[in-house]
Amino acid sequence: MSGVKLPSHPRAGASFVSSQEQRWETYGEVDRSLEELGVYLPNKPSFDQPILEGTFLTTVSNTDLAILGTEFLSWFSYLSELLSRVEAQLLEVENAEETIVASLRYNKRQGETQGTKRMTAEDMRDYVLLSPDYQEIALKKQRLTQRKKLLQVRVDVLDKSLKMISRQITLRGIDIEAQRIEHSTNRGYGQQETSSTPWRDR
């Protein structure tokens, strides 16, 4: 690093970053407006997240299959709601980040004295990335993005599991109906044979 001179970053201060976050903060307001309409975050299910394993779907009883579907749906609804709230918060941080970046670029350009060589696009990018103000908001964005990705994976798994359960319930319903029709047909055939027997014996 000897001989390498990093650009100076006169910090606007933590209050600047906080002010930009507050400027774009609408999540609480929107959340309260939804609650007034009766839309609340579902309670966390009282049971652990269910997991499909091996041949469970083909060996479980119809009653247990229905219970399992309800458990998967409860967790899917809960985590989907959490995911949407993280996405809403992430939108706020992204808007605040964009404003902070624009402010850093604008102030840097304004600080350049007449006759000095203007910064290249690459130099300006490095200047912004090395700014403590930018790094502070970038860390908040990173945390929310990581949380979103982890929640999205779990929601996708639950969604696929629900589709498998739904398909299994449909197949079982078709099988039950086919057995009912077959039983009804065989029963009717047997009654027909019994009623015709005396006629043949005449």
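Definitions and cut-offs
- Residues numbered from 1 in each chain as written.
- Predicted model: local features only at pLDDT ≥ 70, side-chain atom pairs only at ≥ 80, totals over all residues.
- Heavy atoms only, no water.
- Helix = DSSP H or I, 4+ residues; strand = E, 2+ residues; numbered from the N terminus.
- Buried < 20%, exposed > 50% of the residue type's maximum accessible area, 1.4 Å probe, protein only.
- Areas by Shrake-Rupley, 256 points an atom, 1.4 Å probe, with all protein chains shown as cover.
- Patch = residues over 30% accessible without salt bridge, like charges linked within 9 Å, V, L, I, M, F, W, Y side chains within 5 Å.
- Salt bridge = Lys/Arg side-chain N within 4 Å of Asp/Glu carboxyl O.
- Arc of directions from axis to C-beta.
- Axes fitted to C-alpha atoms, helices over the stretch in contact; angles between N-to-C directions.
- Parallel < 35°, antiparallel > 145°, perpendicular 65-115°, else oblique.
- Left-handed = near helix turned anticlockwise from the far one by under 90°.
- Contact = heavy atoms within 4.5 Å.
- Core = buried A, V, L, I, M, F, W, Y, C linked by side-chain atoms within 4.5 Å.

(A) Here's a closer look at the overall build of the chain. Within the chain one finds six helices and zero strands. Mapped in sequence order, the helices and strands of the chain form the string α-α-α-α-α-α. Counting across all 202 residues of the chain, residues that qualify as buried make up 23%. For the chain, the exposed surface amounts to about 14,700 Å²; the carbon and sulfur share of it is 53%.

(B) How the structure looks around a nonpolar patch on the surface. Taken together, V30, L34, L37 and V39 make up a surface patch of nonpolar side chains, about 350 Å² in accessible area. Relative to the helices and strands, L37 resides in the loop between α2 (27-36) and α3 (56-59).

(C) Representation of helix α5 (residues 121-129) within the structure. Considered for burial, the residues of α5 that qualify are M124, Y127 and V128. The arc that holds every buried residue of α5, seen down its axis, measures 95°, which confines them to one face. The outward face of α5, more than 90 degrees from its buried face, is lined by the exposed residues E122 and R125.

(D) Examining the environment of F16 more closely. Structurally, F16 is set in helix α1 (residues 14-23). Here F16 falls in the buried class, since its relative accessible area comes to 17%. Sequence separation between F16 and D133 is 117 residues, and the spatial gap between their C-alpha atoms is 8.1 Å.

(E) Representation of the packing of helix α4 (residues 62-111) against α5 in the model. Closest axis-to-axis distance for the α4/α5 pair is 10 Å, and the angle between their directions is 120°. Here α4 lies oblique to α5, going by the angle between them. The two elements α4 and α5 cross, and the hand of that crossing is right-handed. Only M124, Y127 and V128 of α5 make contact with α4, whose side of the interface consists of V101, L104, R105, K108 and R109.

(F) View of the nonpolar core. By size, the foremost hydrophobic cluster in this structure holds 31 residues, and its most contacted members are L79, Y134 and I137. For this core, the elements supplying multiple residues, two or more each, are α1, α4, α5 and α6 (132-201). With 15 residues, the top contributor of residues to this core is α4. Residues contacting I137, with those up to four places away along its chain left out, are V17, E21, V93, A96, E97 and I100.

(G) Representation of the environment of F72 in the model. Mapped onto the elements, F72 comes out in helix α4. The exposure class assigned to F72 is buried, which follows from its relative accessible area of 1%. The sequence separation of F72 and P50 amounts to 22 residues, and the corresponding C-alpha distance is 6.3 Å. In contact with F72, not counting residues within four places along its chain, are P50, I51, L52, L158, S161, L162 and I165.

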